[in-house]
Amino acid sequence: MKAIIFDVDGTLIESMAVDTELYFAAVNEVLGPVRIRKNLSDYDNVSDSGILAQILADNGMASDTAAADATRSVFVESVARHIESAGPFPAIDGALQFFEEARKADNIRVAVATGGWRKSALLKLSSAGFDVDGLPLATSDDSPSRVGIMQCALAGIGENVTAVTYYGDAEWDKRACQRLGWNFVAVGPDLGGIESYAGMEP
């Protein structure tokens, strides 16, 4: 049995820029004008919970469950408002059909592994038309580390997996696949990856 695991932002849907903007706006709303590193890649764990933990540490703030819960809540609400005002997040060209074909294949199991929080990921995926009911969905709620999130997604698929292919758009996705020994398919321009799933077969 083969496994195909998808990242979300920038991989299945065109949401990376908006997602990052709304995330840091939520951080500033809850924590105040904190110091934020220049690039996402400057953080050890590029996930919603991992970045927040490092922001707290960078600014001399104690790890605080209440602050994390409040930031997540504000962020999810802002994502919902964005969808309501701007419309659904667009899917990457051909991604919906490719995703459904992978789901229906007899010899493939599909999962989703995203650095986002679960509630925001579900909002974005649903708005773009992706049906993830019944699929393993591993998120930043499960682990702050990209590797941990991806391992959680694979565990949700079960045993008897002989090969894993991960679709991702960022350098941290590629590094995580190298650590795990998974096949990696780059999506989008940052890694010179595919621009469209059209015509591809799972």
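Caption draft 1: Quick look at the pattern of salt bridges. If you walk through the whole model with that rule in mind, you get nine salt bridges. In this structure, aspartate 173 and arginine 146 form a salt bridge, with 3.3 Å as the shortest nitrogen-oxygen distance. Of this pair, aspartate 173 sits in helix 7 (residues 171-180) while arginine 146 sits in helix 6 (residues 146-157); the two residues are 27 residues apart in sequence, bridging distant segments of the chain. Classification of arginine 146 as buried rests on a relative accessible area of 10%. Three or more residues joined by partner-sharing salt bridges are found here, namely Asp7, Arg146 and Asp173.

Caption draft 2: Representation of the environment of arginine 146 within the structure. Distance from arginine 146 to asparagine 45, taken between C-alpha atoms, is 6.6 Å for residues 101 residues apart in sequence. Residue contacts for arginine 146: discarding those within four places in its chain leaves Asp7, Val46, Thr114, Gly115, Tyr166, Trp172, Asp173 and Ala176. There is a polar contact of 2.6 Å between the side chain of arginine 146 and the backbone oxygen of valine 46.

Conventions used here
Residues numbered from 1 in each chain as written. Predicted model: local features only at pLDDT ≥ 70, side-chain atom pairs only at ≥ 80, totals over all residues. Heavy atoms only, no water. Salt bridge = Lys/Arg side-chain N within 4 Å of Asp/Glu carboxyl O. Helix = DSSP H or I, 4+ residues; strand = E, 2+ residues; numbered from the N terminus. Buried < 20%, exposed > 50% of the residue type's maximum accessible area, 1.4 Å probe, protein only. Contact = heavy atoms within 4.5 Å. Polar contact = N/O pair within 3.5 Å; in protein donor to acceptor, adjacent residues only side chain to side chain.

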